[in-house]
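Per-entry structural report
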Amino acid sequence: MKDIKAPITEEVADQMVWELPIESKLKKTHIKIDDTTLRDGEQTAGVVFSNDEKINIARMLDEVGVDQIEAGIPAMGGSEREVIEEIAHMGLDASVLAWNRANLDEIKDSIDLGVDAIAISLATSDIHIETKLQKDRQWVLDSIRKAVELAKSHDVYVSVNAEDASRTELGFLLEYAAVAKEEGADRIRFCDTIGTMEPFRIYSIVKHLIEETGLEVEMHTHNDFGMAVANAIAGIHAGATWVNVTVGGLGERAGNAALEEVVMALKYLEDIEVDIDTKQFYEITDYVMRAAGRTIPAWKPIVGSNMFAHESGIHADGVIKNPKTYEVFSPDEVGLERQIVVGKHSGSKTIELKLAEFGIPISREEAAELLPAVRAKAVLLNRSLFDKELVKLYQNFIAEKEAVAEAAVEKAVI
Ligand code: MN
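Remember, it's a predicted structure, so these values are computed and weren't measured experimentally.

Quick notes on the rules
Starting from 1, residues in each chain are numbered consecutively following that chain's sequence as written. Totals for whole chains, interfaces and linings use every residue, but because this is a predicted model, local features are given only for residues with pLDDT of at least 70 and side-chain atom pairs only at 80 or more, for both listing and counting. Computation of side-chain values covers all heavy atoms of the structure but excludes hydrogens and water. The helix and strand labels rest on DSSP assignments: H or I over at least four residues marks a helix, E over at least two residues marks a strand, and numbering proceeds from the N terminus. Throughout, a contact is declared for two residues whenever any of their heavy atoms are within 4.5 Å. Areas reported here follow the Shrake-Rupley algorithm with a probe of radius 1.4 Å; residue values treat only the protein chains shown as occluding. By the counting rule applied here, Lys and Arg register as positive and Asp and Glu as negative, while His and the ends of each chain are not counted. Just so you know, the charge point we use is NZ for Lys, CZ for Arg, CG for Asp and CD for Glu. Exposure classes here rest on a 1.4 Å probe applied to the protein chains alone. A residue is buried below 20% of its type maximum, exposed above 50%, and partly exposed in between. When DSSP finds two or more bridges between two strands, those strands count as paired. Looking down the strands as they point away from you, a crossover is right-handed if its path from the first strand over the helix to the second goes clockwise. Note on donors: an N, O or S atom is included if it sits within 2.8 Å of the metal, or within 3.2 Å for Na, K and Ca, and water is never included, so sites can look incomplete. Note: the arc covers the axis-to-C-beta directions of the helix. Polar contact is the term for a pair of N or O atoms within 3.5 Å; when the atoms are in protein, one must be able to donate a hydrogen and the other to accept it, and sequence-neighboring residues count only if both atoms are side-chain atoms. An axis is simply a line fitted to the C-alpha atoms; with a helix, the fit covers only the stretch in contact. Between two such axes, the angle follows the N-to-C directions and lies from 0 to 180 degrees. As a per-residue measure, pLDDT reflects the predictor's confidence and takes values from 0 up to 100. Basic side-chain nitrogens of Lys or Arg form a salt bridge, by our definition, when they fall within 4 Å of a carboxyl oxygen of Asp or Glu.

**Quick word on the overall build of the protein**
Helix and strand counts for the protein come out as 17 helices and 10 strands. Looking at the protein alone, contacts between residues at least 24 apart form 70% of all its contacts between residues at least 6 apart. In the form shown here, the protein has an accessible surface area of approximately 19700 Å², with 52% of it arising from carbon and sulfur atoms. Measuring between centres, the 44 positive side-chain charges of the protein sit 4 Å from its 73 negative side-chain charges.

Laid out in structure tokens, this is it:
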């Protein structure tokens, strides 16, 4: 057990429905990561990647070690089609997947690009079937049957996506999954397309889906209510073996489950190691966000600049004594650095240590004397202090002390 969890009583343990399926604990790489930064991530309103950026992102994802890269939608044609073909021929370790509607020509075309996996997506909720597709449930079943049959005849990995699965009547979702299975689909993607699930509900539905169909399930969750990662993890507890993520959580509306958050949650909260090089998380997130014209919020879980920045005197003192007092994992594990920030909430120990970094020895008593000036300056500026501002305050403080001392000496001489 990691030191972030306290032991619980047997009574509490007995009531936990959250125990992971035992095979997850036994098989270290049981959970497979499918990254859709290049598809759902790029679908974000206002985001376009250049083809060079897509190639770079695919290479970085492969180096990080994701199992599958969802490279885009060939039916969009033009340069989108070209770059998917190029990614499919880069010799990556990761599987390369192309996203399709249940359209036979589009599927054939995708397979011709040389990808080894395809997703076939059809909406399964009545609202989507009736108003968006203007079809009926039977049409959906017939279409997915033909599409999967065609794809499997070409010997590629097939993911059958149930779009808007969250609002799909469960009986029909099971029928849809059963057809996919009969035609040899490799997995079904449970899409919480509009992000309206919560962990307890999605756990029950996914568990039922797996028990009834025996199909491998992939979680595709959106963050409209801030639950994308929790819902993905709940699905994994229910037995899902794939999780669809994006770098930094980029994606439609409030985004998708974030790669770095899901992986670190699996590792630290669930004790599941996935074969991912987490040390590259900051670098890849920074790259993707720049390419998307976004910035990483300072408070972003896992890779935000504030993850390892400590200002409060009590926290900074704790972290200096033992980082585990206020940090779950070490910053270098995700490519960040620890920062002790001097500001309104700092204590004298922080000031002492910070000045020592600049070769300025100061006693704890002097640091305590300097502290009110530091706090006043931070309040005045409405932010924490730059290093040079702290040094300047120190110089002023020393100059004043010396002036006072000199005045005292002069007075004594007189
Ligand atoms: Mn989506």
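**Focus: the pairing of strand 8 (residues 242-245)**
Burial along strand 8 is two-sided: Trp242 and Asn244 facing one way and Val243 and Val245 facing the other are all buried. Pairing of strand 7 (residues 216-221) with strand 8 involves three bridges; the strand directions are parallel. Counterpart to histidine 220 in the pairing with strand 8 is asparagine 244. In this region the chain leaves strand 7, passes through helix 11 (residues 228-237) and returns to the parallel neighbour strand 8; the handedness of that crossover is right-handed.

**Digging into the coordination of the manganese ion**
Distances from the manganese ion to its protein donors, namely Asp40 (OD), His220 (NE2) and His222 (NE2), fall within the range 2.1 to 2.2 Å. Sequence spacing of the donor residues for the manganese ion, all on one chain, is D-x179-H-x1-H.

**Let's talk about helix 6 (residues 104-112)**
Among the residues of helix 6, Glu106, Ile107, Ser110 and Ile111 are the ones counted as buried. Axial view of helix 6: buried residues confined to an arc of 135°, hence all on one face. In this structure, helix 6 carries Asp105 and Asp112 as exposed residues pointing more than 90 degrees from its buried face. Buried positions along helix 6 lie against strand 3 (95-101), strand 4 (117-123) and helix 8 (137-153). The N-capping residue of helix 6, defined by a side-chain oxygen 3.0 Å from the backbone nitrogen of aspartate 105, is asparagine 103. Two residues or fewer after helix 6 comes glycine 114, characterised by a positive phi angle close to 95°.

**With respect to the sheet that holds strand 1 (residues 32-35)**
With respect to topology, eight strands assemble into a closed barrel ordered 1-2-3-4-5-6-7-8, the strand pairing being parallel. The sheet shows a mean angle of 25° between the axes of neighbouring strands, direction not considered. Lying on the sheet, helix 8 is in contact with strand 4 and strand 5 (157-163); it crosses strand 4 at an angle near 175°. The sheet strands contacting helix 9 (residues 170-182) are strand 4, strand 5 and strand 6 (187-192), and the helix crosses strand 5 at an angle near 165°.

**Digging into the confidence of the model for the protein**
Of all residues in the protein, 96% have pLDDT values of 70 or greater, and the mean over the chain is 93. Every residue in residues 24-29 scores below 50 in pLDDT, and together they form nine contacts with partners more than four places removed in sequence or on other chains.

**Focus: the pattern of salt bridges**
According to the stated counting rule, one finds 35 salt bridges in the structure shown. Across the salt bridge formed by aspartate 105 and lysine 108, the nearest N and O atoms sit 4.0 Å from each other. You can see aspartate 105 and its partner lysine 108 sitting in helix 6, three residues apart, about one turn around the helix. The partly exposed category is assigned to lysine 108, whose relative accessible area is 37%. Here lysine 300 ties to glutamate 260 by a salt bridge, and the two come within 2.7 Å at their closest N and O atoms. One end of the pair, lysine 300, is in the loop between helix 13 (281-291) and strand 9 (309-310); the other, glutamate 260, is in helix 12 (residues 259-269), and 40 residues separate them in sequence. As far as burial versus exposure is concerned, lysine 300 and glutamate 260 are alike and both buried. Linked through salt bridges whose partners overlap, the residues forming this network are Asp34, Arg39, Asp40, Glu70, Arg187, Arg189 and Glu218.

**Considerations on unusual backbone geometry**
The phi dihedral of aspartate 155 is positive, around 60°, even though this residue is not glycine. Note on placement: aspartate 155 falls in the loop between helix 8 and strand 5. What makes aspartate 155 exposed here is its relative accessible area of 69%. Of note in this structure, aspartate 271 is not a glycine but carries a positive phi near 55°. With respect to the helices and strands, aspartate 271 occurs in the loop between helix 12 and helix 13.

**Brief notes about the environment of tryptophan 299**
Looking at the secondary structure, you find tryptophan 299 in the loop between helix 13 and strand 9. In the structure, tryptophan 299 is positioned 79 residues away from histidine 220 in sequence and 24 Å away in space, judged by C-alpha atoms.

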